[in-house]
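Survey of secondary and tertiary structure
The chain contents come next:
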Amino acid sequence: MESKILIVDDIPKNIQMAMNILKNEGYKMFYAKSGEMALKLVNEHNFDLILLDIIMPDMNGFDVCAKLKNDEKTKNIPIIFLSGKDSSSDIEQAYESGGIDYVVKPFITIELITKANSYVRLKQLEDKFASL
């Protein structure tokens, strides 16, 4: 089964950059330009990973993450925050809202690939274990 990754960012250039980095990893890629759009897509697809920006106009990434983690259907989707913000308070808030990891923009290609691959594999193993 093809693994699905959702990239959420209000800046198309950032979405394209993440997609370009992950394009050769064999994932089916989806994107959303807002928190609301992301929540809608999450209800339509079973994602193995979400890459989530923090600063967005309608709903910030912390709020999107908290909503996903408070929903029984989506609470187990790993969320990696992607942000240009690198203060310790932002990073702490990302983890407190339910994020599993944090990558600072501009991305280090191998870091994003390695983390994405690791968390997708972890999610697949959790899903497999849960179905036993």
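Thresholds, definitions, all that
Residues numbered from 1 in each chain as written. Predicted model: local features only at pLDDT ≥ 70, side-chain atom pairs only at ≥ 80, totals over all residues. Heavy atoms only, no water. Buried < 20%, exposed > 50% of the residue type's maximum accessible area, 1.4 Å probe, protein only. Helix = DSSP H or I, 4+ residues; strand = E, 2+ residues; numbered from the N terminus. Right-handed = clockwise from strand over helix to strand, strands pointing away. Pairing = 2+ DSSP bridges. Contact = heavy atoms within 4.5 Å. Core = buried A, V, L, I, M, F, W, Y, C linked by side-chain atoms within 4.5 Å.

**Details of the pairing of strand β1 (residues 4-8)**
Most of β1 sits inside the fold, with four of its five residues counted as buried. Taken together, β1, helix α1 (residues 12-22) and strand β2 (residues 28-32) form a β-α-β motif whose crossover is right-handed. Where β1 meets strand β3 (residues 49-53), four bridges bridge the pair, whose relative direction is parallel. In the sheet register, I5 faces β3, and the bridge partner there is L49.

**Describing the environment of I7**
Assignment of secondary structure puts I7 in strand β1. With a relative accessible area of 1%, I7 lands in the buried category. Considered as a pair, I7 and A32 are 25 residues apart in the sequence and their alpha carbons are 6.3 Å apart. The residues touching I7, leaving out its near neighbours within four places in the chain, are I15, A18, M19, M29, F30, Y31, A32 and L51.

**Observations concerning the nonpolar core**
By size, the foremost hydrophobic cluster in this structure holds 23 residues, and its most contacted members are L6, V8, I50, L52 and F81. In contact with L6, not counting residues within four places along its chain, are F30, Y31, A32, A38, L41, V42, F47, L49, I50 and L51. Membership of the second largest hydrophobic core comes to 19 residues, among which are I7, I15, L82 and F107.

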